[in-house]
Amino acid sequence: MSDMDEYLEMFFVECDELLEAVATGLRQMDEGTYEMETVHAVFRAVHSIKGGAAAFGLTDLVSFAHKFETALDLLRSSALDLSPQAMAVFHRSSDCLADLVAAARISDTRENALREELLIELEALIGEEDETEADVDFVPLSLDLGDFGGSPVGDRYVISLMAEADLYRSGNDPAALIRALEKLGEVRVTLDAGNVPVLSEWSADTPTLRWQIELETEALLSEVEAVFEFVEDRCRLSIATIDQTTEDPDPDLRDSQDPEPQDSDMAEPAITEGTPPAQTSPAPSAAAPRPEGRAEAPGAKAAEATTTATIRVNLDRVDKLMNMIGELVIKEAMLTQVIQTAGLSEEPEVVGALEGLRQLAGDIQESVMAIRAQPLKQVFQRMHRIVREAADATGKQVRLVTVGEQTEVDKTMIERLIDPLTHMIRNSVDHGLEDSVRRHRSGKPQEGAITLSAAHKSGRVQIEVSDDGGGIDRARVRSIAEDKGLVVPGASLTPGEIDSLLFLPGFSSKDEVSALSGRGVGLDVVRREITALGGRVTIASTEGKGTTFTISLPLTLAVLEGMLIQLDDQTLVLPITAVQETLRPDHATLHHIGATGRALLNRGELIPIIDLGCTFGLRPAPGDAHNGVLIVVETDNHKRAAFQVDAIHDQRQVVIKSLEENYGRVSGVSAATILGDGKIALIIDPEEIITSSTSDHGRDRMAIAANG
Amino acid sequence: MPTRILAIDDSPTIRGLVSRALKAAGFEVYTASDGVEGLGVLADADPDLIITDVNMPRMDGFGLIEGVRGSLEYATVPILVLTTESGSDLKARARRAGATGWIVKPFEDAQLVAIIDKVLGR
């Protein structure tokens, strides 16, 4: 039934939010800065998951959520102390709940060992108190069953009903009850109004009307009783089965008002005949007992509900919009070109209109990007669990600090960041942090800290994973790399270059398999995933102080601010983020190194000149640098180089079209775009070009102090 | 004129399921996501019957019942409490708070409608 599926999907989406609420609440409880409302909120979230799961028959989820909720309820009522042990069980239960939801989502019905284990631990917390599950709600009224030996079917019942004031007050209605009985069979009703006093003596709280109902029905006694389920303690009721031969007994003689109320806490002694306690208050609410302890002032927690109006939109629609805006940007570029060709580009009106169009296209693009933008919070929050599990597995004490959770990035990126970040965090716990003995020796706190931070930096998003561990053991990294043949033994490597060896495919060693990181995935996979997002990962490490991984990502996967450059008859695009400056070289700054090597003295550093014409195979040997333009670029890895090109055209936004999807991977090229004249231009990947060309030329790059 | 029902639950899933079942049975359905919102839309929804969840942020089901029972116009509107507990304790509390009756989650659509019919005497 597809419409149920839709609700099921809705439920899972809701679960994501609820699980996050649980995790957030538990963390606040961890920090000790919580209020009772936090516990209530966690309880409610677990409870809601249970309620929804029950509606879809997800029994494993229901029973687990129930145990979890029961324990939280004890906490709420202060029947349970929030010990560190209890806290740990709650955290793991929160994780397990997430697992069970995930399993339910893919209809995975396999047994979950963690669930079994936690059920036992939760039960231990709860003690034997619970498990009064047995529903004691409907104990049949004591009745004269008369000829019980006979069949109860096809009987005649005589029902006497005298409504208490509370029956009306609770919104029940004797007329409705009688109509419900009519559905069961033939009904004859007699109203006994003999007790109705004169108006001056009439009190709303004293029942006076009595109905006597004869019911002939095939229904079972339990079905008749069920009609009165909601009112059994709000009226004087008797139900008697009548032997067809016996005459109508006076039902009052067998007033079956339950002699032993099941709800012993029902304080209202409404059974008493005669004058009940005078309740002259006309406001029914004043008479209604206040639900104890729950009377939270309405609005007191109004702040909790952030009422931003939201709608859920299928991501496909937003993607489609994004694509169309990409096309718009291209069309706008084409229009500009056409106007130029027609010689209209000097007309003030044309210029004004074109500028207006360009601005509007830019605004629309920004708005759509904002729709797709989501805070990194959802990724960061997941990492708490990863840290917890990693800490458990390694026996280390680890604290995760998150900074800048609200930083927004493209939705697609959020999803694709989860795996690499998970891996990096595990790596930090496993390899970054020292064990407690070593930490103690170096005077560090027992508990290691991993900081996950995010921020917008010059049009990009920067995410850092840093630990306060011992830093990279460079001697060991080098020896591993040499053993694996990744570097020539004895090669001269800068500390940064040694650190970067960690990202090489094949570095991750199987012989150092640990419970965690040794899952056959190395940091090379992380780098590949980040690169696929148009990002970079770099590493920085200080001995004894720790290691920091930095990921730099574009804000969107769809557009790029680029510099249009000319190489021979080709137009290419260089991402503007990499460009530091452009210049025409002169004799003072141009240096020749060896036979072919050329370098540019720029800001006190000699940086290699790379002729992009050669790199892309447009000319066999580097052209004369004096004839071209040099673009100084710096990558996120802080590698610098000067790219030699024939000319620079323009700076503009280009729409990224994946080359890999439409053609195949080309080294030195990250993607392609369509220009205003309809031609395709390749987008250059400066990092790759620098990396490959510096390794070709050996180490002709040298940093020297200027004016030395 | 169709019977009007106000359904209050903080879970959009449950709200959706309840609405779906009720609409299929020909009721006119209004929804709210907690007690505060429920009281807020009371006059607009002008319900013949209210179905409410118990555990909700801001104002729970008991607070809502108290509020409705305290109003002049809706003091005797039937209110059914939607609950996952089948324990007598909760039912007793619901009764004391002035609920007309209760519906235990999970419910079958037919069962939900039958209970409403019973309470409304339809």
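Because the structure is a prediction, the values reported are computed rather than measured.

A. Geometry of the UniProt feature "modified residue: 4-aspartylphosphate" (unreviewed entry) in chain B. All names here are of chain B. On the UniProt side, "modified residue: 4-aspartylphosphate" (unreviewed entry) is annotated at positions that read Asp53 here. Note that aspartate 53 resides in strand E3 (residues 49–53). When its relative accessible area of 2% is taken as the criterion, aspartate 53 is described as buried. In this structure, aspartate 53 is in contact with Ile8, Asp9, Asp10, Gly61, Leu82 and Lys105, ignoring residues within four places of it in sequence.

B. View of the nonpolar core. Ranked by size, the top nonpolar core spans 63 residues in total, and within it A:Ile159, A:Phe228 and B:Ile51 carry the most contacts. For this core, the leading source of residues is helix H5 (residues 109–120) of chain B, giving five residues. Not counting residues up to four positions away in its chain, the partners in contact with A:Phe228 are A:Ile159, A:Leu161, A:Leu177, A:Leu181, A:Leu237 and A:Ile239.

C. Summary view of the side chain of A:Glu14. Relative to the assigned elements, A:Glu14 resides in helix H1 (residues 2–31). One buried charged residue, A:Glu14, forms no salt bridge at all, with the nearest opposite charge on B:Arg15 at 7.3 Å. In this structure A:Glu14 touches B:Ser11, B:Pro12 and B:Thr13, once residues within four positions along its chain are discounted.

D. Inspection of the confidence of the model for chain A at higher detail. When pLDDT is averaged along chain A, the result is 77, and 81% of the positions lie at 70 or above. Overall, residues 245–307 of chain A carries pLDDT values under 50, and its contacts beyond four positions in sequence, including any with other chains, amount to 90 contacts.

E. Quick look at the packing of helix H3 (residues 59–76) of chain A against helix H4 (residues 84–105) of chain A. Residues and elements named next belong to chain A. The geometry of H3 relative to H4 is characterised by a closest axis approach of 10 Å and an angle of 155° between their N-to-C directions. Overall, the two elements H3 and H4 adopt an arrangement that is roughly antiparallel. Taken as a pair, H3 and H4 cross one another with a handedness that is left-handed. Here Asp60, Leu61, Phe64, Ala65, Phe68, Ala71, Leu72 and Leu75 of H3 lie close against H4, whose contacting residues are Phe90, Ser93, Ser94, Cys96, Leu97, Leu100 and Val101.

Conventions used here
- Within each chain, residues carry numbers counting from 1 in the order of the written sequence.
- Following the order in which they are written, the chains are lettered starting with A and the ligands numbered starting with 1.
- Owing to the predicted nature of the model, reporting of local features is limited to residues with pLDDT of at least 70; listing and counting of side-chain atom pairs is limited to 80 or more, with chain, interface and lining totals taken over all residues.
- Note that water and hydrogens are dropped before the side-chain values are worked out from all heavy atoms of the structure.
- UniProt positions are given in the numbering used here, feature names are shortened, and annotations may be inferred rather than shown by experiment.
- Numbering of helices and strands runs from the N terminus; a helix is a DSSP stretch of H or I covering at least four residues, while a strand is a stretch of E covering at least two.
- To sort residues, take the accessible area from a 1.4 Å probe on protein chains only and compare it with the maximum for the residue type: under 20% means buried, over 50% means exposed, and anything in between is partly exposed.
- Note on contacts: a residue pair qualifies if any of its non-hydrogen atoms lie within 4.5 Å across the two residues.
- Residues belong to one nonpolar core when they are buried, are Ala, Val, Leu, Ile, Met, Phe, Trp, Tyr or Cys, and are joined through side-chain atoms within 4.5 Å.
- Here Asp and Glu are counted as negative and Lys and Arg as positive; His is not counted, and neither are the chain ends.
- Salt bridge, as applied in this entry: a Lys or Arg side-chain nitrogen positioned within 4 Å of an Asp or Glu carboxyl oxygen.
- Note on scores: pLDDT gives the predictor's confidence for each residue, bounded by 0 and 100.
- Axis geometry follows a simple rule: fit a line to the C-alpha atoms, using only the stretch in contact for helices, then measure angles between N-to-C directions, giving values from 0 to 180 degrees.
- In this scheme, roughly parallel covers angles under 35 degrees and roughly antiparallel covers those over 145, while 65 to 115 is roughly perpendicular and the rest are oblique.
- Each helix crossing is assigned a hand: it is left-handed if the near helix lies turned anticlockwise from the far helix by less than a right angle, otherwise right-handed if that turn is clockwise.

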